[in-house]
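These are the residues of each chain, in order.
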Amino acid sequence: MLRSNHLTQSILIALVLLAGLACGQGTSVDVDFEDLAAEWGNPTSGLPSLAVNELAPGQEAFAFTTNSGEQVSYWLSIPEGFDASQLWPLIVYLHGSNGVGSDIERIRNMTPPVVHGGETDLPFIVVSPQNPEGIWPEYIDEMDQLVQYLLAELPVDPERVILSGLSDGGYGTWNYALRYPERFDAIVPISYGPVLRPDDPMPDLCALNGVAIWIFHSENDAVIPIEPNYAAVEALEACGNEQVRFTVYPRAGHGGAWLKAYRDERLYRWMLNLPE
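Residues numbered from 1 in each chain as written. Predicted model: local features only at pLDDT ≥ 70, side-chain atom pairs only at ≥ 80, totals over all residues. Heavy atoms only, no water.

**Topic: the overall build of the chain**
- On a plain count of helices and strands, the chain comes out with eight helices and eight strands.
- Within the chain, buried positions represent 52% of all 276 residues.
- Contacts in the chain between residues far apart in sequence, at least 24 positions, make up 73% of those at least 6 positions apart.
- Of the accessible surface of the chain, which amounts to about 12,000 Å², a share of 49% is contributed by carbon and sulfur atoms. (Helix = DSSP H or I, 4+ residues; strand = E, 2+ residues; numbered from the N terminus. Buried < 20%, exposed > 50% of the residue type's maximum accessible area, 1.4 Å probe, protein only. Contact = heavy atoms within 4.5 Å. Areas by Shrake-Rupley, 256 points an atom, 1.4 Å probe, with all protein chains shown as cover.)

**Points about the state of the cysteines**
- In total, this model carries one disulfide according to the counting rule given.
- Through a disulfide, cysteine 206 is tied to cysteine 239; the S-S separation comes to 1.9 Å. Its torsion about the S-S bond being -80°, the disulfide of cysteine 206 and cysteine 239 is classed as left-handed. Of this pair, cysteine 206 sits in the loop between strand E6 (186–190) and strand E7 (212–218) while cysteine 239 is found in the loop between helix H6 (227–238) and strand E8 (244–249), placing the two residues 33 residues apart along the sequence. (Disulfide = S-S within 2.5 Å.)

**Quick word on the pattern of salt bridges**
- Taken as a whole and judged by the stated rule, the model has seven salt bridges.
- Among the ionic pairs, aspartate 264 bridges to arginine 266, the shortest N-O distance being 2.8 Å.
- Judged by relative accessible area, arginine 266 falls into the exposed class, the value being 51%.
- Each of the salt bridges in this network shares a partner with another, and the network as a whole consists of Glu105, Arg108 and Glu119. (Salt bridge = Lys/Arg side-chain N within 4 Å of Asp/Glu carboxyl O.)

**Here's the deal with unusual backbone geometry**
- Notably, serine 167 is not glycine yet its phi reads approximately 55°, a positive angle.
- Along the chain, serine 167 turns up in the loop between strand E5 (156–166) and helix H5 (168–179).
- Here serine 191, not a glycine, exhibits a phi torsion of approximately 60°, which is positive.
- Position of serine 191 among the secondary structure elements: in the loop between E6 and E7.
- In this structure serine 191 comes out as buried when scored by relative accessible area, which is 1%.

**Quick notes on helix H4 (residues 140–153)**
- Here H4 spans 20 Å end to end across 14 residues, near enough to the 20 Å set by a 1.5 Å rise per residue.
- Among all positions in H4, only Ile140, Glu142, Met143, Asp144, Leu146, Val147 and Leu150 are buried.
- In this fold, the buried residues of H4 make contact with strand E1 (58–65), strand E2 (71–78), strand E3 (88–94), strand E4 (125–129), E5 and H5. (Expected span 1.5 Å × (residues − 1).)

**Overview of the pairing of E4**
- Within E4, five of the five residues are buried, which leaves the element mostly enclosed by the surrounding structure.
- Across four bridges, E2 lies against E4 in antiparallel orientation. What sits directly across from tyrosine 74, in E4, is proline 129.
- Strand direction decides the pairing type here: E3 and E4, joined by three bridges, are parallel. (Pairing = 2+ DSSP bridges.)

**Describing H6**
- When the terminal C-alpha atoms of H6 are compared, their 17 Å separation across 12 residues agrees well with the 16 Å that a helix rising 1.5 Å per residue should span.
- Within H6, the full set of buried residues consists of Pro228, Asn229, Ala232, Val233 and Leu236. Taken down its axis, H6 places every buried residue within 145° of arc, on the same side. Set apart from the buried face of H6 by more than 90 degrees, the exposed residues are Glu227, Glu234, Glu237 and Ala238.
- The secondary structure elements touched by the buried residues of H6 are H5, E7 and E8.
- Just beyond H6, the residue with positive phi is glycine 240, at close to 95°. (Arc of directions from axis to C-beta.)

**Side note on the packing of H4 against H5**
- It is the contact of H4 with H5, at a shortest axis distance of 11 Å, that shows an interaxial angle of 70°. Between H4 and H5, the angle falls in the class roughly perpendicular. Only Asn175, Tyr176 and Arg179 of H5 make contact with H4, whose side of the interface consists of Ile140, Asp141, Met143, Asp144 and Val147.
- Here the residues of the contact of H4 with H5 are counted per class, giving four nonpolar, one polar and three charged. (Axes fitted to C-alpha atoms, helices over the stretch in contact; angles between N-to-C directions. Parallel < 35°, antiparallel > 145°, perpendicular 65-115°, else oblique. Nonpolar A, V, L, I, M, F, W, Y, C, P; charged D, E, K, R; others polar.)

Right, here's the structure in full:
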């Protein structure tokens, strides 16, 4: 069921993305939102539930059922050398709008381990849920139930829980962290700021004072403007947050910034060495 109270935001974000792409190509785009909503559909059915005692290195799709009976589909990436007797850092990854839908295969190759080089390539447990429809801020409570379940079931280091996302997933990263700032030790929003539109009022980012933040964006992003992230950095520093980094790529474009970020070894070293 489409979350009607957020439908306006869903349409706005789709228009922003499509308009930016169209401008970059010099063409016009006609959007049929009924067809788009039909394509998004409902979460994938038929996926297995997590069996913790059967975990092995690799990336596998699972399903989780929320308290309301809604199914959340997700990829779980387990690193090479996984030992359940040790604690592992956890990355929660939010895909962009092109991953929205009912086919979990759509986001298989978008997860940070795969983008970095392989399904078992990173020394992290990585959970990559799929948003079935709309935009991530509409889906935070369902996703949070999944995250809380995994924190209880998996051998996760409670001081190394990181949230990251790209484009619409970057916007979702800001929103999720602002709603539940105590959940995460670090966030890595990519190619989107804390506001839906550049002229929207900035939320109170002082709520993130205990969270380490590394922002990535491209200066020449023609889809999502970089200016709100400049404003976010200023606001965070004014709040006294001394754990803020901002990487600006000069010409990576909207689609290239996340590839550069998730292939950057410095990002993962930073994640592994967060302050206590």
